[in-house]
Amino acid sequence: MQTYIAPIEDYRFLMEEVLDFDTVMAEIGKDVESDLAIAVLEEAGRMCSERLHPINREGDEQGSRLIDGDVHTPTGFAEAYRDFVAAGWPALSADPEFGGQGLPFVLQLWLDEMMSATNLSFGLFSGLTRGASEAIVAHASEDLKNIWLKPMVSGEWTGAMALTESSAGTDLALLKAKAMPVGDGSFAVTGTKIFISSGDHDFGGNIVHLVLARLPDAPPGVKGISLFLVPKFLADEKGDFSIRNAMSVGALEKKMGIHAQPTCVMNYDGAIGWLVGEPNRGLNTMFTMMNAERLFVGIQGLGVAGGAYQQAAAYAKDRLQGRSATTGDGPVAIIEHADVRRMLLGIRSFVEAGRALAGWTALQLDRAHGHPDPAERIRADALVALLTPVIKASFTDFGFESAVQAQQVFGGHGYIREWGMEQYVRDARIAQIYEGTNGVQAMDLVGRKLQANGGATARELFDMIAVDLEAGGDRVIALRTREALALLREATSPLIGAGNHAVGAAAVDYLHLLALVALGWMWTRMAVAAEAGSTEYHRTKVGIADFFAQRVLPRAHALAANLGAGETTVMALDSSAF
């Protein structure tokens, strides 16, 4: 298997020539320049390449196991996690007030990309802990923050989110878990949760679960859900966390992929926990964690696509099959065949534009948290909110497609375990499902985010894109993206205030159309920057931008046609016809 190569050259290009990293850092008052950021990413890349990638396949083959009620992760995972913590990676972007390093979130997102490319199961441990920490920072009492945050930020303790029940997945109104007041400010939480990633492990330290449950007097539906912090271990008389809480792993889910990640059925049998946020407002509180996790999951799709591309490109340059279409000589490396290049360029044109869009969005999140002007913070936060479901759903859809295409490059060898490509396909699939299925993300985009302020945020984004496309002049990527943007604008107006069926019928096509425009926008910015350079790297960027413009962006016309068809064909049949 090809050793993973961190995309440091791409990160440098994006920071220094495309995304104005140093300017944004100056705006938000962070003393971090691109040279320091690159040094951090280089070290992160070494860790992913040398520490995480080598244990990925064995982790998949062994899987996590439940033995006498205890979860055992695959060989090497616990040791790798302790090294990960010792190097300070969990605290990379966290608030220094709680022991974090306070580095820009864009570095965190690109670290997540590299971790997802090399070991998706491993990356979930720290990603979920970060999301849980953010929810505690935003909503917990000062007492809870003082006890739980620092060891979570450092990675000494980990986190998990416990939402789903067998009868309550997307529809959390059906949730049945209960929380009874104990009388000392704590609550006894009882219920069973399923699909709980990182629910238990053998890394040592505490595991902090954020659990949705109902108080005794809670109103029905989603308005009666509260959020509770429920740890694996409680404090003893000395203040050491040595007392096992009344929670246990009932089973480990048997899954299509991410075998090394312990996805647990969790039983809470009067487990002691504490309310996070206001009573009956748990869903709003949990969304702080879920929104962060949705960006994280989108990056998982991007990372898997990038990791699979590296394997496929290396194989295509080494595998000899067939004859040259120009000279007739053979056998030749399959990279010489047009169809193989088509597949590789399709993957790469998504990955490199996705990397840029992720970076741009992360910088907006940095601006939302740190810009001195409150109006700019609100504006940046609204743009991130609009793009979050787009990144989650489109990156994981395109990421899965990319993993399949990379597997296809290998032919029959891609279907057997030896080459590792079938693992990319299996692992990538979950990202389209968890943290809200991609259909739900599309409904969130069109039914909620697009409707905010009568579509004002969407129009602002479109106007920003249009300015950069004008700067792209008559380059083919700018012209084709302008065409797609015009289609997107035309599709947007009828959806503002549209009914539920119209929104549902349009949502996925609209999200993919917006994603294509956003990726074309990034390719336009990259092409403009690359044409000012003189290296082979820069010339390659221009070539891939042209491929995206002429071979990928035309899909926008088909998506627009789907949107123009409306809801009639989707809803015409009676339910009994299915």
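For the structure itself, consult the block above.
A few points on the structure.

Definitions and limits used
Residues numbered from 1 in each chain as written. Predicted model: local features only at pLDDT ≥ 70, side-chain atom pairs only at ≥ 80, totals over all residues. Heavy atoms only, no water. Helix = DSSP H or I, 4+ residues; strand = E, 2+ residues; numbered from the N terminus. Rg over C-alpha atoms; globule rule 2.2 N^0.38 Å. Buried < 20%, exposed > 50% of the residue type's maximum accessible area, 1.4 Å probe, protein only. Contact = heavy atoms within 4.5 Å. Areas by Shrake-Rupley, 256 points an atom, 1.4 Å probe, with all protein chains shown as cover. Lys, Arg positive; Asp, Glu negative; His and termini not counted. Charge placed at Lys NZ, Arg CZ, Asp CG, Glu CD. Salt bridge = Lys/Arg side-chain N within 4 Å of Asp/Glu carboxyl O. Expected span 1.5 Å × (residues − 1). Bend = angle between axes of the 7 residues up to and from the residue. Core = buried A, V, L, I, M, F, W, Y, C linked by side-chain atoms within 4.5 Å. Axes fitted to C-alpha atoms, helices over the stretch in contact; angles between N-to-C directions. Parallel < 35°, antiparallel > 145°, perpendicular 65-115°, else oblique. Pairing = 2+ DSSP bridges. Phe/Tyr/Trp six-rings, centres within 6.5 Å; stacked < 30°, edge-to-face > 60°. Nonpolar A, V, L, I, M, F, W, Y, C, P; charged D, E, K, R; others polar. Patch = residues over 30% accessible without salt bridge, like charges linked within 9 Å, V, L, I, M, F, W, Y side chains within 5 Å. Polar contact = N/O pair within 3.5 Å; in protein donor to acceptor, adjacent residues only side chain to side chain.

1. A word on the overall build of the chain
Each helix and strand counted, the chain has 19 helices and 11 strands in total. Relative to the compact-globule value of 25 Å for 578 residues, the chain shows a C-alpha radius of gyration of 24 Å, a close match. For the C-alpha atoms alone, the extent of the chain along its principal axes is close to 80 × 60 × 50 Å. Residues counted as buried form 56% of the 578 residues belonging to the chain. A sequence separation of at least 24 residues applies to 73% of the contacts in the chain between residues at least 6 apart. Carbon together with sulfur atoms contributes 53% to the accessible area of the chain, which is approximately 23200 Å² in total. Charge centroids of the chain, computed over 48 positive and 70 negative side chains, lie 4 Å from each other.

2. Quick look at the pattern of salt bridges
Under the definition given, this model contains 31 salt bridges. Here lysine 232 ties to aspartate 200 by a salt bridge, and the two come within 2.7 Å at their closest N and O atoms. Separated by 32 residues along the polypeptide, lysine 232 in the loop between strand E7 (226–231) and strand E8 (233–235) and aspartate 200 in the loop between strand E5 (187–197) and strand E6 (207–213) bring together distant segments of the chain. Taking relative accessible area as the criterion, lysine 232 reaches 10% and is therefore assigned buried. Overall, the relative accessible area of 3% leaves aspartate 200 in the buried class. Its salt-bridge partner being glutamate 536, residue arginine 539 comes within 3.2 Å of it at the nearest N-O pair. Residue arginine 539 and its partner glutamate 536 are located together in helix H17 (residues 536–552), separated by three residues, close to a single helical turn. Here the salt bridges do not stand alone but share partners, grouping Asp10, Glu113, Arg348, Glu352, Arg355 and Lys541 into one network.

3. A short note on helix H8 (residues 142–154)
Spanning 13 residues, H8 covers 18 Å between terminal C-alpha atoms, matching the ideal 18 Å at 1.5 Å per step. Where H8 bends most, at tryptophan 148, the angle is about 40°, and the proline proline 151 comes one to four residues later. Three or more residues of H8 are buried, namely Leu144, Lys145, Trp148, Leu149, Pro151, Met152 and Val153. A positive backbone phi angle near 90° is found at glycine 155, which sits one or two residues after H8.

4. So, helix H9 (residues 282–318)
The terminal C-alpha atoms of H9, which comprises 37 residues, lie 54 Å apart, in line with the 54 Å expected from a rise of 1.5 Å per residue. Here H9 lies mainly inside the structure; 29 of its 37 residues are buried.

5. Some thoughts on the nonpolar core
Counting residues in each nonpolar core, the largest one holds 195 residues, and the members touching the most others are Leu210 and Tyr510. Those residues within four positions of leucine 210 in sequence are excluded, and the remaining contacts are Ala132, Ala135, Ile136, Ala160, Met161, Ala162, Leu227, Phe228, Leu229, Val276, Met286 and Met289.

6. Structural notes on the side chain of aspartate 509
Looking at the secondary structure, you find aspartate 509 in helix H16 (residues 500–531). Among buried Asp, Glu, Lys and Arg side chains, aspartate 509 stands out as unpaired, with arginine 555 the closest opposite charge at 12 Å.

7. Some words on the packing of helix H10 (residues 338–370) against H16
When two helices pack together, their arrangement is captured by the angle between the axes and the distance separating the axes. For the pair H10 and H16, the least separation of the axes is 9 Å and the interaxial angle reads 90°. When the axis of H10 is compared with that of H16, the two are roughly perpendicular. In this structure, H10 contributes Arg348, Ser349, Phe350, Glu352, Ala353, Gly354, Ala356, Leu357 and Trp360 to the contact, and H16 contributes Ala518, Leu519, Trp521, Met522, Trp523, Arg525 and Met526.

8. Things to note about the pairing of strand E9 (residues 241–244)
Sheet topology note: the E8/E9 ladder contains three bridges and is antiparallel. Its bridge partner lying in E9, leucine 234 is registered against isoleucine 243. Connecting the antiparallel pair E8 and E9 is a turn made up of five residues, with glycine 239 showing a positive phi of about 90°.

9. Focus on unusual backbone geometry
A cis amide bond links glycine 330 to the next residue, proline 331, at an omega of 0°. Its place among the elements puts proline 331 in the loop between H9 and H10. If you check the backbone angles, asparagine 453 has positive phi at about 55° while not being a glycine. Note on placement: asparagine 453 falls in the loop between helix H13 (438–449) and helix H14 (456–471).

10. Things to note about the packing of aromatic side chains
How two aromatic rings sit relative to each other is given by the distance of their centres and the angle of their planes. In this structure the tally under the stated criterion is 20 aromatic pairs. Pairing tryptophan 157 with phenylalanine 241 gives two aromatic rings, centres 4.8 Å apart and planes at 75°, and the pair type is edge-to-face. One end of the pair, tryptophan 157, is in the loop between H8 and strand E3 (158–162); the other, phenylalanine 241, is in strand E9, with 84 residues separating them in the sequence. In this structure phenylalanine 241 comes out as partly exposed when scored by relative accessible area, which is 28%.

11. Description of the pairing of E5
In terms of burial, E5 is largely enclosed, as eight of its 11 residues are buried. Taking the residues that link successive antiparallel strands as the turn, the strand E4 (residues 178–181)-E5 hairpin has five residues, and the phi of glycine 183 there is positive, at about 115°. For E5 and strand E11 (residues 263–276), the ladder comprises nine bridges, and the chain directions are antiparallel. When the bridges of E11 are listed, phenylalanine 187 appears paired with glycine 273.

12. Looking at the packing of H13 against H16
Between H13 and H16, the least distance of the axes is 8 Å, while the angle of their chain directions is 90°. Taken together, the axes of H13 and H16 lie roughly perpendicular to each other. Contacts between H13 and H16 pair Gly439, Gln441, Ala442, Met443, Leu445, Val446 and Gly447 from the former with Val503, Gly504, Ala507, Val508, Tyr510, Leu511 and Leu514 from the latter. Residue composition of the contact of H13 with H16, grouped by class: 10 nonpolar, four polar and no charged.

13. Here's the deal with a negative patch on the surface
Among the surface-exposed residues, Asp20, Asp22, Asp31 and Glu33 lie close enough to one another that they form a single negatively charged patch. With respect to the secondary-structure elements, glutamate 33 resides in the loop between helix H2 (21–28) and helix H3 (34–52).

14. Details of the environment of arginine 130
Along the chain, arginine 130 falls in helix H7 (residues 120–139). Residue class for arginine 130 comes out buried when judged on its relative accessible area of 12%. Along the primary structure arginine 130 and leucine 107 are separated by 23 residues, whereas in three dimensions their C-alpha atoms are 14 Å apart. Contacts of arginine 130, omitting those with residues within four sequence positions, involve Ser93, Phe105, Gln108, Asp112 and Phe296. In terms of polar contacts, arginine 130 uses its side chain to reach the side chain of aspartate 112, at 2.7 Å.

15. Some points on the environment of methionine 161
Along the chain, methionine 161 turns up in strand E3. The exposure class of methionine 161 is buried, given its relative accessible area of 9%. Considering only alpha carbons, one finds methionine 161 and alanine 556, 395 residues apart in sequence, at a separation of 37 Å. Filtering out sequence-adjacent residues up to four positions away, methionine 161 remains in contact with Leu128, Ile196, Leu210, Met286, Met289, Met290, Glu293 and Glu435.

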